[in-house]
Amino acid sequence: MSNHLRHLLFTFLLATICWSTFSFSQTTSKPVNVDFDSSINLTERTEFLLTEQSLLLSDVLSMQDWRQHSDIVNIPEGVSLWLRFSVVNESTASKMLTLIAGNTFIDRAEAYLLDEQGRIIQSSRLQSDLSNTANLSRNGFKMSFTSRAESTFTIYMQIQDDGLSLIPIELWQSESYAKQSSMRLILIGAMSGGLSLLATYFLLTYILRNAPSRFWFCVFSASAMTTMLCAEGILPMLFMLPNFAAELTAISLISTLFAAIKITRIVFAPVSEIWIRAHYVLLVIPIVGIILLDDFYQLILLISFAALFFASKILATLFYRKAIDFRSATIYFLGWLALGIVGALEFYTFANNASHLSFSAPYPFAFSCLGVMLIGVAIISREQSIQAQKSAIQIQQITHLEQYNDLFQHAAEGLFTAFPNGDLIHVNPAICSLFGYKNNDEFIKFNPNLASLFATTKDVDLLLGELSIQQTVLGKEVKGKRRDGSEFWFSISCQIKKVKEQTLHFGSLFDITERRLHQINLQYLNTHDQLTGLYNRRHFLQIMTEKIEKFDETGKPFALVFLDVDQFKVINDTCGHSAGDIYIKELSLELFDVVSDKFPFARLSADQFGILIEHENGNQLRQFAQQLLDKVRNFGFRWDRHLFNQSVSIGIAVYESVIPSAEELLSFADTACLIAKEGGRDKIHIYSAELGMHSSYKRELYWINEVRSALKDDGFELFYQHYRPLAEQDDRDYYEVLVRLRTQDNDLVAPDFFMPSAEKAHISHNIDKNVIENYFKWLNTHSDNMASLAKANINLSGFSLSDDDFKFFLLNAFEKYQIPYHKICFEITETMAIIKMKDAIEFIKEFRKLGCMFALDDFGSGFSSYSYLKNLPVDFLKIDGNFIRDILSDKIDLAMVTSIRDVAEAMKIKTVAEFVESKEVMVQIGKLGLDYAQGFCIATPMPLSEFESYSSIENQSNM
């Protein structure tokens, strides 16, 4: 072989080896056959290589370290990702193909198409220079090319991005791609148009209706449309911001979700503030991601956040569904469920590393439109539901308004509406009738202001002043003026209220003239004697007390003139109490001619009067008292065929600064009157400390001081004395509560010594209060003794029967110490019951209703006992001990007791024998049929502090 031939053969072999080496470096992976239906995923058939960005394709062709392409690739800064794969066309016809790679968020991409000889036959580029803005979309890289028949070619792609990147690679038949792409663009346009229409409609209706939910749905629809257009790359291309597609998409999605939160808050009001604030806080997460993360992590974060948000919306709908109607909640739930399906489809596409055309495009768009529309329908449904509720409430309000109008028109009390200054707006018929007008118009014509209704303008000024400060005035009692000029009392209540941004004054009033007069009468009766119309004792003492308190300021001398009718009992005993009442009434009129209304004039007791007179000297006092004596001497009282010429004894006490109280002054005047009586009656005596008082006065004054000292220093001691039933065996305790006075000399004395003086000084009721208070307190602290108690008898003085304050004290004592009413029996002496017959009957009836019992003590001592007994509703008669003590030897006593027993049985009254001092007497009274026995034979009086039950005493005596 010639040298020339050998040289040619070597050159051919070398070229073949080089070509084989070059071809292997290009197509190491299995080539893709173009014989596929519409598209094929090239991810698993693609190799990748990371190089410096400065390397060219010629530099990359010679590199050998290509690796299998994965779904996610990390592209460091300053590095390019090279991808390559081969395509073979074994058919005899050329085919048009379209390469789809990457997504909207890739920064830069460039592709080269090489034939079998390694020549570049086509190239395409995607970068931030906006060279493809004419396409109005930048949704990844696209390159269309022709695959010639029976040929093989290799595609190299250079991609530049920041950080991790998801690079789906698909090869499409160009015709199929055009159809799918056109369909997607049509759907995008349709959805954008639909969302735009929804946003516009809800914006306009928001302006008309001012419904916040419609405004936020407008924002929701517009933001959803913006999110879709940004994800497709359309808006970034229009605004020439292709490199910010991820950021724009994230911002739009955040706006959509923010509007969704607002919609949920309004639709499901009231929603938990914690739930709302938690969602607001969650919105901060994607905002921070936009600033700190690259495109890939932004995408991951948005997908995760959207999924979490959709789940929370669905759960919130289920949780808060009861807050709204079922229909709206269901529609709202289905709307978010549809949007959740869209999210699931997009996530599935992303997870499978497929392009946006890999799945059937209509489903995401259809569910997106359905979800958004359902949310809008839910908002409208909720508004209709709220409107229906408002209509129902309005109907109810109208019904209530009609009822109120009926109430207003037919109310028994007067109702009115006015402005805060008192100008009247409307009044009801009741107030018209009350003031003497026919109707509302006539009333307001003559009474334009509330002031016209009041007798004095001062009252209306006070009312409006109080109303402006307190906003409410209740039960203010004022004097009104009718149309005819007559005055009457009415009670007015009113308040200030704001109605439809207007402050109004609403009020009611009713006639209280009768009640007011009754109150005035009660006040009068509280200060005046019912029989004579003069001041009563309580009010007279109050006047004296006030005068004493002002004595140091005024220095005007005054004196108390005390009058006591001589032998007044003669009239009562001769003609009865009715005659006595008439006499006292006429006598007070005679005395008033002298006293007139210059001086306070009072009836102090049944037959005693008091006059408080200012004077300049003693002669003036004597002249005044003498006029009173002369007036009484000349007064003859005629009753039936009887003529009475009674006299009075007068005692005068001049006030001096050393006298401590009104009671003391009254005591001095009473003492002076007593001396006048003892001096022969029909006389005047002026009290003087220097005068030599006789022993009876000193004795009275001594016991009065002892009683007052004992009341002040708690010097009374309680005793008890058992009494027993005779006809039956009873283990319970029956006893009488007794009182003893511990004198300042430490002597213990019985009531016989001090009680008459206390009654004259009108302080006996204070002793009764002391006894009741201390006994009730003791009984309350000894529950065992209370349980064994059948009846406890307590003595009451005559003055307690007529004292209203004593009644109140007694009622409060029972309540305070929880004492059963039925365990207490009050004893009233026969003499005092007859003297204060009317007061005694009222007192007995009032407390018998509560369960208390009453005993008439010392029965038989009066000469008219039987005639009064039938009028006294008592439960027991305690027969005077003078009849019992000698019953065995005195036939008259026996006859008297037998008579009393018969009367008591006829009236169904129990009898108690006093002073039973021997067993023989007890046997005798038992034979007579008396019910109870009391005396030393039964038990002696013992201190209450050493109380023993009768059963215990009896057992000890039997041992």
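Residues numbered from 1 in each chain as written. Predicted model: local features only at pLDDT ≥ 70, side-chain atom pairs only at ≥ 80, totals over all residues. Heavy atoms only, no water.

**Student:** Explain helix α26 (residues 804-817) to me, using residue names and the numbers behind them.
**Tutor:** With 14 residues, α26 ought to run about 20 Å at 1.5 Å a step, and its terminal C-alpha atoms sit 20 Å apart, in line with that. All of the buried residues along α26 are F806, K807, F809, L810, A813, F814 and Y817. Seen along its axis, α26 keeps its buried residues to an arc of 165 degrees; they face one direction. Of the exposed residues in α26, the ones pointing more than 90 degrees away from its buried face are F808, N812, E815 and K816. In this structure, the buried residues of α26 make contact with α23 (764-781), β29 (789-796), α25 (798-801), β30 (824-829) and α28 (837-848). The positive-phi residue at the C-terminal boundary of α26 is Q818, with phi of around 55 degrees. (Helix = DSSP H or I, 4+ residues; strand = E, 2+ residues; numbered from the N terminus. Expected span 1.5 Å × (residues − 1). Buried < 20%, exposed > 50% of the residue type's maximum accessible area, 1.4 Å probe, protein only. Arc of directions from axis to C-beta. Contact = heavy atoms within 4.5 Å.)

**Student:** Describe the sheet that holds strand β18 (residues 502-511), with residues and values.
**Tutor:** If you walk across this open sheet you meet the five strands as β15-β14-β18-β17-β16, and the pairing is antiparallel. Every other strand in the sheet has two partners, leaving β15 (424-427) and β16 (472-481) as the edge strands with one partner each. With direction set aside, neighbouring strand axes in the sheet form an average angle of 30 degrees. As defined by bridge partners, strand β14 (residues 414-418) adjoins β15 across three bridges and the pair is classed as antiparallel. When the sheet's bridge partners are listed, F416 is paired in β15 with V427. (Pairing = 2+ DSSP bridges. Axes fitted to C-alpha atoms, helices over the stretch in contact; angles between N-to-C directions.)

**Student:** Go over unusual backbone geometry with me, naming the residues and quoting the values.
**Tutor:** Glycine aside, residues mostly have negative phi, and peptide bonds are mostly found in the trans state. The phi dihedral of D640 is positive, around 60 degrees, even though this residue is not glycine. Its place among the elements puts D640 in the loop between β22 (637-639) and β23 (642-644). Positive phi values are uncommon outside glycine, yet F915 reaches one of about 60 degrees. Within the secondary structure, F915 sits in the loop between β33 (910-913) and α32 (919-928). On the basis of relative accessible area, F915 is assigned to the partly exposed category, the value being 38%.

**Student:** Mind laying out the sheet that holds strand β21 (residues 608-614), listing which residues take part and the relevant values?
**Tutor:** Read across the sheet, five strands follow the order β20-β21-β19-β24-β25 without closing on themselves; strand pairing throughout is mixed. The strands lining the two open edges of the sheet, one partner per strand, are β20 (601-605) and β25 (684-686). Adjacent strand axes in the sheet meet at a mean angle of 20 degrees when their direction is disregarded. Relative to β21, strand β19 (residues 558-565) runs antiparallel, the two being bridged by seven bridges.

**Student:** Residues and numbers for the packing of aromatic side chains, please.
**Tutor:** All told, the structure shown has 50 aromatic pairs when counted by the stated rule. Here W82 and Y112 contribute two aromatic rings whose centre-to-centre distance is 6.3 Å and whose plane-to-plane angle is 20 degrees, an arrangement assigned as stacked. Residue W82 is located in strand β6 (residues 79-89), and its partner Y112 is located in strand β8 (residues 108-114); the two are separated by 30 residues in the primary sequence. Here W82 and Y112 have matching classes, each one buried. The ring of F488 has R482 sitting right over it, with the charged end atom 4.0 Å from the ring centre. Sitting above the plane of the F719 ring, R740 keeps its charged end 5.4 Å from the centroid. (Phe/Tyr/Trp six-rings, centres within 6.5 Å; stacked < 30°, edge-to-face > 60°. Lys NZ or Arg CZ within 6 Å of the ring centre and 35° of its normal.)

**Student:** Describe the confidence of the model for the chain, with residues and values.
**Tutor:** For the chain, the average pLDDT comes to 80, and 85% of its residues sit at 70 or higher. The model gives residues 1-28 a pLDDT under 50, and that stretch makes 21 contacts with residues more than four places away or in other chains. Taken together, the stretch residues 691-695 has pLDDT below 50 and engages in nine contacts with residues farther than four places along the chain or on a different chain. (pLDDT = per-residue confidence, 0-100.)

**Student:** Go over a nonpolar patch on the surface, please, and point to the residues and values.
**Tutor:** Together, L334, L337, I341, L345 and Y363 make up an exposed nonpolar region whose accessible area comes to about 410 Å². Here the nonpolar patch takes four residues from helix α9 (residues 326-351), the largest share from any one element. Structurally, L334 can be placed in helix α9. Look at L334 and you get partly exposed, because its relative accessible area is 40%. (Patch = residues over 30% accessible without salt bridge, like charges linked within 9 Å, V, L, I, M, F, W, Y side chains within 5 Å. Areas by Shrake-Rupley, 256 points an atom, 1.4 Å probe, with all protein chains shown as cover. Salt bridge = Lys/Arg side-chain N within 4 Å of Asp/Glu carboxyl O.)

**Student:** So what about the pattern of salt bridges? Which residues, and what values?
**Tutor:** Across all of its chains, the model carries 28 salt bridges by this definition. The salt bridge partner of E110 is R108, with a shortest N-O separation of 3.3 Å. A salt bridge links E487 to K479; the shortest N-O distance between them is 3.9 Å. Given a relative accessible area of 30%, K479 falls into the partly exposed group. Taken together, the shared-partner salt bridges connect E736, E827, K878 and E914 into one network.

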